[in-house]
Amino acid sequence: MAKITASVYTSHVPAIGAALDLGKSGEPYWQPVFQGYDYSKQWLKDNPPDVIFLVYNDHATAFSLEMIPTFAIGTAAEFTPADEGWGPRPVPKVIGHPELAAHIAQSVIQQDFDLTIVNRMDVDHGLTVPLSLMCGQPQAWPCPVIPFAVNVVQYPVPSGRRCFELGKAIRKAVESFDKPLNVQIWGTGGMSHQLQGPRAGLINKEFDNAFLDQLIADPAGLAGKPHIDYVREAGSEGIELVMWLIARGAMSDVAGGPSPKVAHRFYHVPASNTAVGHLILENQT
């Protein structure tokens, strides 16, 4: 059967992608950010997955405010980098895994989660920046990717508890797939940041690091954090962190297995107008 072997968590700041695309990764401002992923790039080479299930949020490219699914799974054979207003990023096309994606959709919907099935969509920086941070600038991404878009843009957005429970359902779905695939699940977005209003530019280091601590040690407790706490402490865009709970809910310790190994942890301020958080957890067999 297929299995989830690790989870990866990372911010997906659009300016990070621009810095990489424009050859600015070695500049003093950006160098500390990219150095924080040096270990991760080597780790991915040493632990190559067959498929990445990548949780992210669309930024009004594939979905407009006219129609916003709460949870959407990409089942296409390929996904083109989106034009977000200044042309598509110069990154490889994303190759999907329609067979596994369709199986996950079937299983998760039968577990009473309503998913929107998307057979054609472009993918924006929410998905491509994490791939760039973990893979660098390859001619092709190292494996197929299943995009999983979550609405954290337009309220009402899903609760942390709902996301955590969805992660459990995804794990069950993957483990019921009858091919021996090594799957990694990535949760992206966050950390504390606010893009508008009187608190624009807000960054809360204490909240961010406490979130990482609890994500590792007490994810079930963290899943109970109400939305107002994210908004009050982490800014209006800090709600993106609920997507990390999908990836955490898919780890085996949640189902009674041993605690995951922390392979890497990184936190840096600032990158553009936000904090960058990053974590790699490995399932222990």
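See the structure above.
Residues numbered from 1 in each chain as written. Predicted model: local features only at pLDDT ≥ 70, side-chain atom pairs only at ≥ 80, totals over all residues. Heavy atoms only, no water.

Enquirer: Got a sec to walk through helix α3 (residues 38–46)? Specific residues and values, please.
Expert: Among all positions in α3, only Ser40, Trp43 and Leu44 are buried. One face of α3 carries all of its buried residues, which in axial projection span an arc of 100°. The exposed set on the far side of α3, more than 90 degrees from its buried face, consists of Lys45 and Asp46. Where the residues of α3 are buried, they touch β1 (3–10), α5 (125–135), β8 (182–188), β9 (261–271) and β10 (274–282). (Buried < 20%, exposed > 50% of the residue type's maximum accessible area, 1.4 Å probe, protein only. Helix = DSSP H or I, 4+ residues; strand = E, 2+ residues; numbered from the N terminus. Arc of directions from axis to C-beta. Contact = heavy atoms within 4.5 Å.)

Enquirer: Which residues make up the pairing of strand β2 (residues 51–56), and what values go with them?
Expert: With 6 of 6 residues buried, β2 lies mostly within the body of the structure. The alternating pattern of β2 places Val51, Phe53 and Val55 and Ile52, Leu54 and Tyr56 on opposite faces, both of which are buried. In terms of strand pairing, β2 meets β8 through 5 bridges, oriented parallel. Counted as the bridge partner of valine 55 is glycine 187 from β8. Two elements, β2 and strand β7 (residues 145–150), share 5 bridges in a ladder whose sense is parallel. Following the sheet pairing, isoleucine 52 is matched in β7 by valine 145. (Pairing = 2+ DSSP bridges.)

Enquirer: Give a description of the sheet that holds β8 that names residues and reports values.
Expert: If you trace the 8 strands from one edge of the open sheet to the other, you get β6-β3-β7-β2-β8-β1-β10-β9, paired in mixed fashion. Of all strands in the sheet, those bounded by a partner on one side alone are β6 (116–118) and β9. Here the average twist between neighbouring strands, direction ignored, is 20°. Note that β9 and β10 share 8 bridges and pair antiparallel. Among the inter-strand pairings, arginine 265 is bridged to a residue of β10, identified as leucine 279. Where helix α7 (residues 205–217) meets the sheet, it contacts β1, β9 and β10, and its direction lies at approximately 165° from that of β9. (Axes fitted to C-alpha atoms, helices over the stretch in contact; angles between N-to-C directions.)

Enquirer: Which residues make up the packing of α7 against helix α10 (residues 242–249), and what are the values?
Expert: It is at 11 Å that the axes of α7 and α10 come closest, and there the two elements cross at 20°. When the axis of α7 is compared with that of α10, the two are roughly parallel. Here α7 and α10 pass one another in a crossing that is right-handed. Contacts between α7 and α10 involve Phe211, Leu212, Leu215 and Ile216 on the former and, on the latter, Trp244, Leu245 and Arg248. Split into classes, the residues belonging to the contact of α7 with α10 amount to 6 nonpolar, no polar and 1 charged. (Parallel < 35°, antiparallel > 145°, perpendicular 65-115°, else oblique. Left-handed = near helix turned anticlockwise from the far one by under 90°. Nonpolar A, V, L, I, M, F, W, Y, C, P; charged D, E, K, R; others polar.)

Enquirer: Could you give an account of α10, with specific residues and numbers?
Expert: Note that an α-helix has 3.6 residues per turn; residues three or four places apart therefore point the same way. When you tally the buried positions in α10, you get 8 out of 8 residues, the bulk of the element. Among all positions in α10, only Val242, Met243, Trp244, Leu245, Ile246, Ala247, Arg248 and Gly249 are buried.

Enquirer: So, unusual backbone geometry: which residues are in play, and what are the values?
Expert: In this model, tyrosine 155 is joined to proline 156 through a cis peptide bond whose omega is 5°. Positionally, proline 156 belongs in the loop between β7 and α6 (160–175). Cis geometry marks the peptide bond from glycine 190 to methionine 191, where omega comes out at 0°. One can find methionine 191 in the loop between β8 and α7.

Enquirer: Lay out the pairing of β7 in plain terms, naming residues and giving numbers.
Expert: In the case of a regular strand, side chains alternate between the two sheet surfaces. Within β7, 6 of the 6 residues are buried, which leaves it mostly tucked inside the rest of the structure. By the alternation rule, side chains of β7 split into Val145, Pro147 and Ala149 and Ile146, Phe148 and Val150, which are all buried. Of the strand pairs in this sheet, strand β3 (residues 71–74) and β7 are connected by 3 bridges, and their pairing is antiparallel. In the strand pairing of β7, phenylalanine 71 is matched with valine 150.

Enquirer: Explain the pattern of salt bridges to me, using residue names and the numbers behind them.
Expert: For the coordinates displayed, the defined rule picks out 8 salt bridges. One salt bridge connects arginine 89 with aspartate 21, and the closest N-O pair in it is separated by 2.8 Å. Taken together, the positions of arginine 89 in the loop between β4 (78–79) and β5 (94–95) and aspartate 21 in helix α1 (residues 14–21) put the pair 68 residues apart, joining distant regions of the chain. Taking the relative accessible area as the measure of exposure, arginine 89 reaches 11% and is therefore buried. (Salt bridge = Lys/Arg side-chain N within 4 Å of Asp/Glu carboxyl O.)

Enquirer: Please set out the packing of α1 against α5 residue by residue, giving values where relevant.
Expert: Their axes nearest at 9 Å, the elements α1 and α5 cross at an angle of 55°. As judged from the angle between their axes, α1 and α5 are oblique. The crossing of α1 and α5 is left-handed. Residues Pro14, Ile16, Gly17 and Leu20 of α1 touch α5, and the partners they reach there are His125, Val129, Ser132 and Leu133. Among the residues forming the contact of α1 with α5, the class breakdown is 5 nonpolar, 3 polar and no charged.

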